[in-house]
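Coordinate inspection notes
Residues per chain are reported as follows:
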Amino acid sequence: GIQVEQSPPDLILQEGANSTLRCNFSDSVNNLQWFHQNPWGQLINLFYIPSGTKQNGRLSATTVATERYSLLYISSSQTTDSGVYFCAVGPGTYKYIFGTGTRLKVLA
Amino acid sequence: NAGVTQTPKFRVLKTGQSMTLLCAQDMNHEYMYWYRQDPGMGLRLIHYSVGEGTTAKGEVPDGYNVSRLKKQNFLLGLESAAPSQTSVYFCASTQSFREGLAKNIQYFGAGTRLSVL
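Residues numbered from 1 in each chain as written. Chains lettered and ligands numbered in written order. Predicted model: local features only at pLDDT ≥ 70, side-chain atom pairs only at ≥ 80, totals over all residues. Heavy atoms only, no water.

A closer look at the interface of chain B and chain A
In this assembly, 25 residues from chain B lie in contact with 21 residues from chain A. Approximately 1,900 Å² of surface area, both sides summed, lies buried where chain B meets chain A, with 61% of it carried by carbon and sulfur atoms. Broken down residue by residue, the surface that chain B buries against chain A is led by L43, F97 and F108 of chain B, which jointly contribute 27%. Of all the secondary-structure elements, those providing two or more residues to the side of chain B that touches chain A are β4 (31-37), β5 (43-49) and β10 (106-108) of chain B. (Contact = heavy atoms within 4.5 Å. Buried area = accessible area lost by both parts, 1.4 Å probe. Helix = DSSP H or I, 4+ residues; strand = E, 2+ residues; numbered from the N terminus.)

A look at the packing of aromatic side chains
Applying the stated rule across the entire model yields ten aromatic pairs over all chains. For the ring pair F98 of chain A and Y35 of chain B, a centre distance of 5.3 Å and an interplane angle of 75° mean the geometry is edge-to-face. One end of the pair, F98 of chain A, is in strand β10 (residues 97-98); the other, Y35 of chain B, is in strand β4, on a second chain. When its relative accessible area of 8% is taken as the criterion, F98 of chain A is described as buried. Aromatic ring contacts, followed pair by pair, group F35, F86 and F98 of chain A together with Y33, Y35, Y48, F90 and F108 of chain B into a single cluster. Cation over ring: R22 of chain A sits above Y69 of chain A, and NZ or CZ is 4.2 Å from the ring centre. (Phe/Tyr/Trp six-rings, centres within 6.5 Å; stacked < 30°, edge-to-face > 60°. Buried < 20%, exposed > 50% of the residue type's maximum accessible area, 1.4 Å probe, protein only. Lys NZ or Arg CZ within 6 Å of the ring centre and 35° of its normal.)

Let's talk about the sheet that holds strand β1 (residues 4-7) of chain A
Residue and element names in this part refer to chain A. Pairing is antiparallel across the open sheet formed by five strands, whose spatial order is β1-β3-β8-β7-β6. Each edge of the open sheet carries a strand with a single partner, namely β1 and β6 (52-56). With strand direction ignored, the average angle separating the axes of adjacent strands in the sheet is 15°. Judged from the six bridges that link them, strand β7 (residues 59-64) and strand β8 (residues 69-74) form a sheet pairing that is antiparallel. Within β8, the position partnered with T63 by the bridge is S70. (Pairing = 2+ DSSP bridges. Axes fitted to C-alpha atoms, helices over the stretch in contact; angles between N-to-C directions.)

Section: the side chain of T94 of chain B
As for its position among the elements, T94 of chain B is in strand β9 (residues 87-94). Not counting the four nearest positions on each side in its chain, T94 of chain B is found in contact with H29, E30, Y31, Y33, K103, N104, I105 and Q106 of chain B.

What follows is the structure, encoded as C-alpha cells:
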C-alpha cells in the first residue's frame, strides 16, 4: 500500500520563527489533508490540498502531486501552534492514510 | 451544529469485557471511519463505511466489529477487550469521495480514551 512519510519527526522553535514541514507519499493521490492535533488531542483540519497552494493566515501549504510531496509552512510561530501535524493522503479508495506526524513545540 | 460526536469520552475495561463506542454525525455525510491512535503514532484505520448498511475493513480490523444501521451513526464494538486495545479511538466522517473536491474533507470527533486492564 501507499507509504506516507513526514519530516522532521520533531521540531522545537522559538516563538516568532518560521518552519517547513514535509510530507512525502509513495503513489499518486486524489486527496490530501493537513491536520493539527492540539495538546488536548483534538484533530483540526488545516488544509484540503490535493494540488496547488493555499494560504490561511500564518499557515500555507503546497502540494506538488506529480512529485508526490506536500509542504506545510508556518510563519511567525506562536505557542498555540504546538502539537502534532499530520498529513493524510487519499489514494482514491474511499479512505485516507495518515503519516506518523511532526511533533512541534514552540517555546515562549 | 454538533458535527461529529463520540460517546463515551473515557472508559476503563477489564480484559474480556465488551463495549460499544458510538459515533454520531449530523452533517448527512456518506462516509464514516473509525481510527485508533497509539502513543507517538499516527492514526490507523480500523473499519470504515461508504454508506448506510455498508462496512469494510481497514488496516487493523482484528478484534473489532462495526455496524452502520443508520446513516448518521457508526458503532464500533469490542467483543472481548484485550490490553492491546488500549488506545485513543477517533471517529471521522466525509461528505463524499470524488477526485479533488473539498467535499472529501474528513471531520473528526473529539476521541474516546479507552484503557483495558
